[in-house]
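What follows is the residue order along each chain.
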Amino acid sequence: INAEYMGSWEVAQRCLKDVIMLLQTGRKVVIRCLLTVKHILERGDWVYLLCKLYTDPYIVWLQSLRDADLHALGTELLKAVRVTKRSDTGLGLDEAERFATAMQAAEAMAAEE
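My aim in this report is to walk through the structure given alongside it, one point at a time. (Residues numbered from 1 in each chain as written. Predicted model: local features only at pLDDT ≥ 70, side-chain atom pairs only at ≥ 80, totals over all residues. Heavy atoms only, no water.)

**So, the packing of helix α2 (residues 9–25) against helix α3 (residues 27–41)**
A pair of packed helices is characterised by two quantities: the angle between their axes and the separation of those axes. Orientation of α2 relative to α3, taken along the N-to-C sense of each, is 125°, at an axis distance of 5 Å. Here α3 runs oblique to α2, going by the angle between their axes. The residues of α3 that touch α2, namely those facing Leu22, Leu23 and Thr25, are Val29, Val30 and Cys33. (Axes fitted to C-alpha atoms, helices over the stretch in contact; angles between N-to-C directions. Helix = DSSP H or I, 4+ residues; strand = E, 2+ residues; numbered from the N terminus. Parallel < 35°, antiparallel > 145°, perpendicular 65-115°, else oblique. Contact = heavy atoms within 4.5 Å.)

**Some thoughts on the environment of alanine 106**
Mapped onto the elements of the fold, alanine 106 is located in helix α6 (residues 93–112). For the pair formed by alanine 106 and glutamate 95, sequence separation is eleven residues and the distance between their alpha carbons is 16 Å.

**A word on the state of the cysteines**
Per the counting criterion, the structure on display carries zero disulfides. Free cysteine: cysteine 33, not disulfide-bonded; nearest cysteine sulfur from cysteine 15 at 13 Å. (Disulfide = S-S within 2.5 Å.)

**Quick word on the pattern of salt bridges**
Summed over the entire model, instances satisfying the criterion amount to seven salt bridges. The closest approach of N and O atoms between lysine 79 and glutamate 76, which form a salt bridge, is 3.3 Å. A residue pair is termed a helical-turn pair when its members lie 3 or 4 positions apart in one helix, as lysine 79 and glutamate 76 do in helix α5 (residues 67–83) at three residues. For glutamate 76, a relative accessible area of 46% corresponds to the partly exposed category. One salt-bridge network, in which partners are shared between bridges, spans Lys38, Glu42, Lys52 and Asp56. (Salt bridge = Lys/Arg side-chain N within 4 Å of Asp/Glu carboxyl O. Buried < 20%, exposed > 50% of the residue type's maximum accessible area, 1.4 Å probe, protein only.)

**Digging into the environment of arginine 98**
Note on placement: arginine 98 falls in helix α6. Here arginine 98 falls in the exposed class, since its relative accessible area comes to 54%. For the pair formed by arginine 98 and threonine 75, sequence separation is 23 residues and the distance between their alpha carbons is 33 Å.

**Considerations on the packing of aromatic side chains**
Tallied over the full model, the rule gives one aromatic pair. Ring geometry for tyrosine 58 against tryptophan 61: centres 6.4 Å apart, planes inclined by 70°, an arrangement best described as edge-to-face. One end of the pair is tyrosine 58 and the other is tryptophan 61, both in helix α4 (residues 48–63) and three residues apart, which spans about a single turn. (Phe/Tyr/Trp six-rings, centres within 6.5 Å; stacked < 30°, edge-to-face > 60°.)

Pasting the structure below:
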């Protein structure tokens, strides 16, 4: 998950932990979630192409896996999430946060005048 897109490192971390939990619950749960996403996406005029390109292949691939495989994947991801720092992403999140904080302070000072 791209933390810049999410706007918050904490939110991105929470999303990752939710995905890990889903992976560890097993194949049926993950497939059910992807089928729900597919159902939502297919309502759009052109968005159904995203299903054909991304969602459908994952659903097919997941059916070939064992629950133990997904659980192991979730466990490895959890280990990685626990040790990953914002600076490890290579997205310049610390610099972006400092810049945003400075901009907010400047806007607050301008509003007071």
